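# An overview of the molecular structure
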Amino acid sequence: MDIFNIIIIIGLFHFSLSDGNIWRDYPTCRIGRLQSPIRIKEYESIYANNFSFVYQNYKECNCNNSNNTNNTNNYAYTIECNEGTGGYVNFERGGVIKQYEFIRAEIYPALHEVDGQRDKKDYELHLIHKKNLDFVTNKNQYRSIQDPNMYLIVVLRYRECSGEDPCSSDNGLLEQLTNDNFTSINLNEYNIFQDKRAYFYEGSFVHIPCDENVNYYIVKDFFNFNISNQNFSNSVNDGIKFDDINLANVFGRPIFKNFMNYREVLGNYYFSFKNIIVSFLFIIIFL
């Protein structure tokens, strides 16, 4: 037996001893170059106004609450929609519209670090959508964008808020999703991610096999968290631990944002004003 086979056997043995919660043990999750979650910094992000939700037609998603026992995902509190019951959103990027069907929701402890904010008491709700390959619209007829990603994940971040740290209300979405007795959900009733400040980047699923075919839409601001469901807390705590989460390297990936801070706004105003003055002077000179 050569040294290469020995290394493979040792690696497989090590992985078999793992409890599976540290997904970086899996080769693709460790060496992939489009992995998630990542650290997002506003001042390193690129302003772009060419990605947004243009239409949503969610339905009453008949679902089951599988906690952390679902074969698809062993690391999260999972709510799975029965096939074809979740409805969809149309998402525009670069002038091209894609349609994505809502298929499930997953709840994690805080994964992404956004603008330096990430705490073990925080949570992330991942609303997972799958691309409809049969979707056709006339708007896309003369446009194309290289986007092989099959999934769109909308990430909502939650924390217990106070007067000093205000958060937005989600109109009870997280509370309903973590209710042991609920059987359906309609995201049309919440409208919690349209017209919000958000980041966008290309990444991966955060569970084995860490497929790198995901578009992430991360709402910047926190939503209010106030859940007393002990079953939910136990399920999340039995899954992946906050301290086990290693943020992935960005590897030069562009991270976009749909908003500007006041310095960027003033900077754009300044240069626009400067261009107007220069153009006016040129007109006077040549007249």
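So, a few notes on the structure that sits alongside this text. Note that the coordinates shown come from a computational prediction; the quantities given were computed from them, not determined experimentally.

For the structure shown, the criterion picks out 8 salt bridges. Note that R93 is salt-bridged to D147, the shortest N-O span being 3.7 Å. A residue pair is termed long-range when its members are at least 10 positions apart, and R93 in strand β6 (residues 87-93) and D147 in the loop between β9 (123-131) and β10 (151-159) qualify at 54 residues. Of the two residues, R93 and D147, both sit in the buried class. Ionic pairing is found between R104 and E106, a salt bridge with its closest N-O pair at 2.7 Å. Across the pair, E106 and R104 agree in class, each one buried.

For the rest of this paragraph, the subject is the pairing of β9. For a regular strand, side chains alternate in direction, first toward one face of the sheet and then toward the other. Across the 9 residues of β9, 8 count as buried, placing the element largely inside the fold. In terms of strand pairing, strand β7 (residues 96-109) meets β9 through 9 bridges, oriented antiparallel. Bridge assignment links E106 to a residue of β9, and that residue is H126. Two strands pair when backbone bridges link them, and β9 and β10 are joined in this way by 8 bridges, in the antiparallel orientation. Bridge pairing in β10 links H126 to V155.

When you tally the buried positions in β6, you get 6 out of 7 residues, the bulk of the element. Note that strand β3 (residues 51-58) and β6 share 7 bridges and pair antiparallel. Across the sheet, the residue bridging to S52 is E92, located in β6. Two elements, β6 and β7, share 6 bridges in a ladder whose sense is antiparallel. For V89, the partnering residue across the bridge sits in β7 and is Y100. Once β6 ends, the chain turns through 2 residues before running back antiparallel as β7, passing G94 with a positive phi of about 60 degrees.

By secondary structure assignment, the location of S36 is in the loop between α2 (27-31) and β1 (39-40). Residue classification places S36 among the buried positions, given a relative accessible area of 0%. Of note is the side chain of S36, whose polar atom sits 2.8 Å from the side chain of Y201. At 3.0 Å, the side chain of S36 and the backbone nitrogen of S204 are in polar contact.

Right, let's talk about the nonpolar core for a bit. Formed by 40 residues in total, the largest nonpolar core has its most connected members in L156, L173, I185, F193 and Y217. Membership of the second largest hydrophobic core comes to 24 residues, among which are I128, I153, V206 and I255.

Rules and cut-offs
Residues numbered from 1 in each chain as written. Predicted model: local features only at pLDDT ≥ 70, side-chain atom pairs only at ≥ 80, totals over all residues. Heavy atoms only, no water. Salt bridge = Lys/Arg side-chain N within 4 Å of Asp/Glu carboxyl O. Helix = DSSP H or I, 4+ residues; strand = E, 2+ residues; numbered from the N terminus. Buried < 20%, exposed > 50% of the residue type's maximum accessible area, 1.4 Å probe, protein only. Pairing = 2+ DSSP bridges. Polar contact = N/O pair within 3.5 Å; in protein donor to acceptor, adjacent residues only side chain to side chain. Core = buried A, V, L, I, M, F, W, Y, C linked by side-chain atoms within 4.5 Å.

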